[in-house]
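Residues per chain are reported as follows:
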Amino acid sequence: MRNLIIYVTLLLAAVPFVWAGGAQEVTPQQADDGYKLITTDELEFKWMLEDESLKVEVTAPTTGWVAVGFDPSRAMKDADFLFGFVKDGELNISDHFGSGAFSHEADTELGGTDDIISASGKEADGSTTLEFTIPLNSGDEYDVDLNPEQEHTVLFAYGPDGADDFSTKHSFRTKVNLQF
Ligand code: HEM
């Protein structure tokens, strides 16, 4: 009996680790405005393919930063991040790269380029929405090739309310597998 209790306790303790490693499989929906859409946890992610670019709209329940990351090799490493916050009505958005498993740097600090074609952002009712358009394949070594014919791992994260910066750790993060 004692062994059984130890076994069940160890099994339950392992569950969060097993869960944390896997990406959720999600089924995109077609929105009326031509976007495809997923809602995961409290986040809404919409996207549209346009010529050689990807148009994105992401909304999260925070007044701090919101970010999307594409195709990490593990954890946050090697992911192509688009990372932004709205402060005093002004959007501050930047193209980052997963320089380590739990770190990231602006592409421009690494010798790369800030590959955002256009962007806008707003904060309302405690939520932040970022809209941005990025090239599917910028050619920058600190971005990934977002080939629409392949499945991609997409990371989502946001910071705590008021974290209008690129450094405060997330209060929430998740990942999904998606084909654009
Ligand atoms: C703002 C600066 C950031 C800091 C200081 C940071 C720090 C960390 C740390 C310490 C961990 C390991 C502990 C944990 O699992 O919570 C982690 C994991 C993770 N972070 Fe970040 N992070 C940042 C930004 C981001 C961004 C922008 C994203 C995605 C858009 C992201 C996605 C993730 C994911 C998915 C994991 C879990 C990886 C795994 O277990 O596979 N992080 N981060």
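Quick note: structure is the one above.
Residues numbered from 1 in each chain as written. Predicted model: local features only at pLDDT ≥ 70, side-chain atom pairs only at ≥ 80, totals over all residues. Heavy atoms only, no water.

1. Re the site of the ligand
The local shell around the ligand holds 19 residues, among which Met76, His104, Lys169, His170 and Arg173 are the closest. Here a nitrogen atom of the ligand and a side-chain polar atom of histidine 170 are 2.7 Å apart. Lysine 175 has a polar side-chain atom sitting 3.5 Å from an oxygen atom of the ligand. Mapped onto the shell around the ligand, the elements with two or more residues apiece are strand 6 (66–70), strand 7 (80–87), strand 12 (151–158) and strand 13 (172–179). With three residues, the top contributor of residues to the shell around the ligand is strand 6. Across the shell around the ligand, the residue classes break down as eleven nonpolar, five polar and three charged. (Near = heavy atom within 4 Å. Polar contact = N/O pair within 3.5 Å; in protein donor to acceptor, adjacent residues only side chain to side chain. Helix = DSSP H or I, 4+ residues; strand = E, 2+ residues; numbered from the N terminus. Nonpolar A, V, L, I, M, F, W, Y, C, P; charged D, E, K, R; others polar.)

2. Re the pattern of salt bridges
As a working rule, side chains carrying opposite charge can pair if their charged atoms are close by. In the structure shown here, the tally under the stated rule is two salt bridges. In this structure, lysine 46 and aspartate 33 form a salt bridge, with 2.9 Å as the shortest nitrogen-oxygen distance. Of the two residues, lysine 46 sits in strand 4 (residues 43–50) while aspartate 33 sits in the loop between strand 2 (29–30) and strand 3 (36–40), which places them 13 residues apart along the sequence. Put simply, aspartate 78 and lysine 77 hold a salt bridge, and the shortest N to O gap is 3.8 Å. Among the residues examined, lysine 77 registers a relative accessible area of 25% and is labelled partly exposed. (Salt bridge = Lys/Arg side-chain N within 4 Å of Asp/Glu carboxyl O. Buried < 20%, exposed > 50% of the residue type's maximum accessible area, 1.4 Å probe, protein only.)

3. Re the sheet that holds strand 8 (residues 90–100)
By definition, the strands of a sheet pair up through backbone hydrogen bonds, in either a parallel or an antiparallel sense. Judged by pairing direction, the sheet is mixed, and its seven strands sit side by side in the order 1-13-12-6-7-8-9 without closing on themselves. For this open sheet the edge positions go to strand 1 (24–25) and strand 9 (103–106), each flanked by a neighbour on one side alone. Of the pairings in the sheet, the one linking strand 8 to strand 9 comprises three bridges and is antiparallel in character. When the sheet's bridge partners are listed, phenylalanine 97 is paired in strand 9 with glutamate 105. (Pairing = 2+ DSSP bridges.)

4. Concerning the coordination of the iron atom of the ligand
The protein atoms that coordinate the iron atom of the ligand are Met76 (SD) and His170 (NE2), at distances of 2.0 to 2.3 Å. In this structure, the iron atom of the ligand is surrounded by six donor atoms whose angles at the metal cover 86 to 179 degrees, and the resulting shape is octahedral. Taken together, the positions of methionine 76 in the loop between strand 6 and strand 7 and histidine 170 in the loop between strand 12 and strand 13 put the pair 94 residues apart, joining distant regions of the chain. A residue is classified by how much of its surface remains accessible, and methionine 76, at 16% relative accessible area, is buried. For histidine 170, a relative accessible area of 23% translates into the label partly exposed. (Donors = N, O, S within 2.8 Å, 3.2 Å for Na, K, Ca; no water. Tetrahedral: all angles 85-135°; square planar, octahedral: opposite > 155°, others 65-115°.)

5. Section: the environment of threonine 113
Mapped onto the secondary structure, threonine 113 falls in the loop between strand 9 and strand 10 (118–124). Taking the relative accessible area as the measure of exposure, threonine 113 reaches 42% and is therefore partly exposed. Through-space distance from the C-alpha of threonine 113 to that of glutamate 141 is 9.0 Å; in sequence the pair is 28 residues apart. If we skip the residues at most four places from it in the chain, threonine 113 touches Asp95, Asp107, Thr108 and Asp140. (Contact = heavy atoms within 4.5 Å.)

6. Quick word on the nonpolar core
Side chains that are nonpolar tend, in soluble globular proteins, to be buried together. Counting residues in each nonpolar core, the largest one holds 27 residues, and the members touching the most others are Phe45, Leu54, Val58, Phe70, Phe132, Phe156 and Leu178. Secondary structure elements with two or more residues in this core: strand 4, strand 5 (53–60), strand 6, strand 11 (127–135), strand 12 and strand 13. The leading source of residues in this core is strand 5, at four residues. For phenylalanine 70, the contacting residues outside a window of four places in its chain are Leu54, Asp78, Ala79, Asp80, Leu82, Ile134, Val144, Leu146, Thr153, Val154 and Phe180. Core analysis: the next-biggest nonpolar cluster, separate from the first, contains six residues, Trp65, Ala67, Phe85 and Ala163 among them. (Core = buried A, V, L, I, M, F, W, Y, C linked by side-chain atoms within 4.5 Å.)

7. Examining the sheet that holds strand 10
If you walk across this open sheet you meet the six strands as 2-3-4-5-11-10, and the pairing is antiparallel. Strands at the two margins of the open sheet, each flanked by one partner only, are strand 2 and strand 10. One ladder, built from seven bridges, connects strand 10 with strand 11; its direction is antiparallel. Across the sheet, residue alanine 119 finds its bridge partner in strand 11, namely phenylalanine 132.

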